[in-house]
Amino acid sequence: MHVLVCDDDNATRFAVKRMLTQQIPCTISECADGVQALQLIGREKFAFILLDVEMPAMSGIEVLELLRESPATKDLPVIVLSNVRDDRVVRHLLKLGVSDYVLKPARAEKLMPKIQRLVSILPKEKPAREQGLPRVSASHPGLVVDGNLDFRFVFTTELQRYGAVLECDSGAAALAAFRDSTARIVFVGRELGVVGAELLVRKMREARGADGLRVVGLVDEHTDASFKSLFDAVIPRSFNTQELHEALRPFVVVPGPMTALSIVVPDMAELVLGAAGQVFGMMLDADVATIEPQSTVVAAASAHVDLTLEDRFVIRLGVHMGVVAATAVAARMMSADPAKVTDQDRATVAGEVSNLLMARLHASLSERSLKSEVSASVQADGGGQVKQPVDGEGLLIGLAISGAGEFFVSLLARNKVPEESPQPAGAAA
Amino acid sequence: MGYVEFDADEVMQEFGDASVVSELAGIVRTDLGSYARDLQAAYAAGTLEEVRRLAHAIKGAAGNVAARAVCTLAAAIDNGLRAGDTSVAAQTPDLIAACSRLERELGEWLETLSQTEDATR
């Protein structure tokens, strides 16, 4: 719960903040005059306001009158805390719909029961309700409409980290796209043309119903409160991607890195399969086919190579060969007697295969103009158990080589962080 | 030590914690000093609306430390001027003097609170 304390008396603000934070779970913004109060109310969402009457610049009464005129704040609960005892003032405040009127000095015994009573009738906090609200995810697209190309580009680029985004430059285009899409969350900006925000929001709500749709306004400090009231929530317009990243959190499902990677490269598994087909076709004149891996598989030899993609992900490609496959492939590659293939040979061949697979994968990604770079040379991991990666963090692909057993390719994704230190072995345990 | 201008027991009982009370009293003392100086200037200049505004501010600040005499005097000036009775402005020097006494007592109390806090550490 977020509360605004507006009073020009420093000691009163201090005392009230202490009472509030000790007795109810809340965060507090504070200000010393009515102008600052209106600025804060325009920027932040408050559960209620504690408001003084006589203040410099703009009085509490003037603030209340403005709040009651705006659809966005007409019902905002206000408790007046003042030492003005004038009957006419008190009557006027009551007419303006204040929740309560408390005389100064601020004393917990007088003030807190009134605040507790107000808190008990406030709508419950949003987070619990928001759990079920639509968010942009890999399986749920978002619709963005904004006439400002530069802002739309920055915003859409950030939103695309979480899922598919339909982009429109006008209200009319958005309405058409909305009708043809499954989008349940829509981000509405400005410069929308003939079909403005008000009409667009109304039409979308009519089409999908209030419960199945979440409409988010993209607003700035000049946006008036009545415009903001059109939306279920607002996000400040910003070209700062870090700020947007933070602001978008309540409206997106933050995916695991593999899920995020699947948005950038939806057919990564197919690319790996294609690479494996080429490698085995060229090297061994053998075909590969997919098999269903168990949750845990056992490898006689494993090796991995890292690749950095789009400066965002590090993909660890691991090759895990069963003893039959590793022996057969080693014997073929080295033209050796299978009976004489050693563990070292099997490890070498796992490394060789992972290098070849990564080279093909790297080439395929480059062909798509995706920025990729092999960021670490091949590492042998020995053998052992390989576990199916956690959902959203990786893939385990099972492959059968015609006439030469089975092997497995693991793809583990993680978000690239600056100044990376070497990582421990991937899926191999 | 007994204080004449404010009710230390009431403040202590209300806020409980000596460090909180010290902070509150410190804020009131600083603000009162500033208001009293401005009040002196406004009274000398004969700007009665400013006198009224400052009397109102003093009433609010002094109330936090249960300084009833200062509150009563400040309220009389605030209410009187608000009602158009300019004669109440003549009580301004008394209010300034009362503020000065309150400021001094708060200073002494803060000193005592600080010694108590040091002793309990």
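Source: prediction; values computed, not measured. (Residues numbered from 1 in each chain as written. Chains lettered and ligands numbered in written order. Predicted model: local features only at pLDDT ≥ 70, side-chain atom pairs only at ≥ 80, totals over all residues. Heavy atoms only, no water.)

S.K.: Teacher, can you tell me more about the overall build of chain A here?
M.R.: The secondary structure content of chain A amounts to 15 helices and 16 strands. Counting all 429 residues of chain A, 49% fall into the buried class. Total accessible area on chain A stands at roughly 20200 Å², and carbon and sulfur atoms take up 52% of it. (Helix = DSSP H or I, 4+ residues; strand = E, 2+ residues; numbered from the N terminus. Buried < 20%, exposed > 50% of the residue type's maximum accessible area, 1.4 Å probe, protein only. Areas by Shrake-Rupley, 256 points an atom, 1.4 Å probe, with all protein chains shown as cover.)

S.K.: Teacher, can you tell me more about the sheet that holds strand E14 (residues 372-387) of chain A here?
M.R.: Strand pairing in a sheet takes place through backbone hydrogen bonds and is either antiparallel or parallel in direction. Residue and element names in this part refer to chain A. The strand order across the open sheet built from six strands is E11-E15-E16-E13-E12-E14, with neighbouring strands paired in antiparallel fashion. Each edge of the sheet is formed by a strand with only one pairing partner; in this case those strands are strand E11 (288-291) and E14. For this sheet, the mean inter-axis angle between neighbouring strands, taken without regard to orientation, is 25 degrees. As defined by bridge partners, strand E12 (residues 296-309) adjoins strand E13 (residues 313-321) across nine bridges and the pair is classed as antiparallel. Note that in E13 the partner of Ser-302 across the bridge is His-320. The strands touched by helix H13 (residues 268-284) within the sheet are E11, E13, strand E15 (394-401) and strand E16 (406-415), with E15 carrying the most contacts at an inclination of about 30 degrees. Against the sheet, helix H15 (residues 343-367) makes contact with E12, E13, E14 and E16, and its axis sits at roughly 35 degrees relative to E12, the strand it touches most. (Pairing = 2+ DSSP bridges. Axes fitted to C-alpha atoms, helices over the stretch in contact; angles between N-to-C directions. Contact = heavy atoms within 4.5 Å.)

S.K.: Is there a simple way to think about the packing of helix H3 (residues 60-69) of chain A against helix H4 (residues 87-95) of chain A in this case?
M.R.: Describing two packed helices takes the angle between their axes plus the distance from one axis to the other. All names here are of chain A. At their nearest, the axes of H3 and H4 sit 10 Å apart, and the two run at 20 degrees to each other. Between H3 and H4, the crossing angle belongs to the class labelled roughly parallel. Once H3 is placed against H4, the crossing between them reads as left-handed. Residue-level inspection shows Ile-61, Leu-64 and Glu-65 of H3 in contact with H4, the latter providing Val-89, His-92 and Leu-93. Of the residues belonging to the contact of H3 with H4, the class tally is four nonpolar, one polar and one charged. (Parallel < 35°, antiparallel > 145°, perpendicular 65-115°, else oblique. Left-handed = near helix turned anticlockwise from the far one by under 90°. Nonpolar A, V, L, I, M, F, W, Y, C, P; charged D, E, K, R; others polar.)

S.K.: It is not clear to me how H15(A) should be interpreted in this structure. Could you clarify?
M.R.: Counted at 1.5 Å a residue, the expected span for H15(A) with its 25 residues is 36 Å, and the 36 Å between its end C-alpha atoms agrees. At the exit of H15(A) stands A:Ser369, carrying a positive phi of roughly 60 degrees. (Expected span 1.5 Å × (residues − 1).)

S.K.: Help me out: how do you make sense of the packing of aromatic side chains in this one?
M.R.: Geometry of an aromatic ring pair is reported as the spacing of the ring centres plus the angle between the planes. Within the structure shown, the criterion is met by nine aromatic pairs over all chains. Ring plane angle 80 degrees and centroid distance 5.8 Å describe the contact between A:Phe151 and A:Phe239, whose orientation is recorded as edge-to-face. Within this pair, whereas A:Phe151 is found in helix H7 (residues 149-159), its partner A:Phe239 is found in the loop between strand E10 (233-236) and helix H11 (241-248), the two being separated by 88 residues in sequence. Owing to a relative accessible area of 1%, A:Phe151 belongs among the buried residues under this scheme. Given the relative accessible area of 52%, A:Phe239 is considered exposed. With centroids separated by 5.0 Å and ring planes inclined at 55 degrees, the aromatic side chains of B:Phe6 and B:Trp109 adopt a geometry described as tilted. Taken together, the positions of B:Phe6 in the segment before helix H1 (8-15) and B:Trp109 in helix H5 (residues 92-120) put the pair 103 residues apart, joining distant regions of the chain. The residues B:Phe6 and B:Trp109 share a single accessibility class, namely buried. When the ring centre of A:Phe151 is taken as reference, the NZ or CZ atom of A:Arg237 above it lies at 4.1 Å. (Phe/Tyr/Trp six-rings, centres within 6.5 Å; stacked < 30°, edge-to-face > 60°. Lys NZ or Arg CZ within 6 Å of the ring centre and 35° of its normal.)

S.K.: Just to check I follow, could you spell out the pairing of strand E4 (residues 78-82) of chain A for this structure?
M.R.: Side-chain direction in a regular strand flips from residue to residue, so the side chains alternate between the two faces of the sheet. Residues and elements named next belong to chain A. For E4, the tally of buried residues reaches five of five residues, placing the bulk of the element in the interior. Neither face of E4 is left uncovered, since the one carrying Val-78, Val-80 and Ser-82 and the one carrying Ile-79 and Leu-81 both have all their residues buried. Where the polypeptide runs from E4 across H4 and back to strand E5 (residues 100-103), its parallel neighbour, the crossover connection is right-handed. (Right-handed = clockwise from strand over helix to strand, strands pointing away.)

S.K.: Mind showing me how you'd approach the side chain of A:Ser410 here?
M.R.: Residues and elements named next belong to chain A. Along the polypeptide, Ser-410 turns up in strand E16. Here Ser-410 falls in the buried class, since its relative accessible area comes to 2%. For Ser-410, the side chain forms a polar contact with the side chain of His-320, separated by 2.8 Å. (Polar contact = N/O pair within 3.5 Å; in protein donor to acceptor, adjacent residues only side chain to side chain.)

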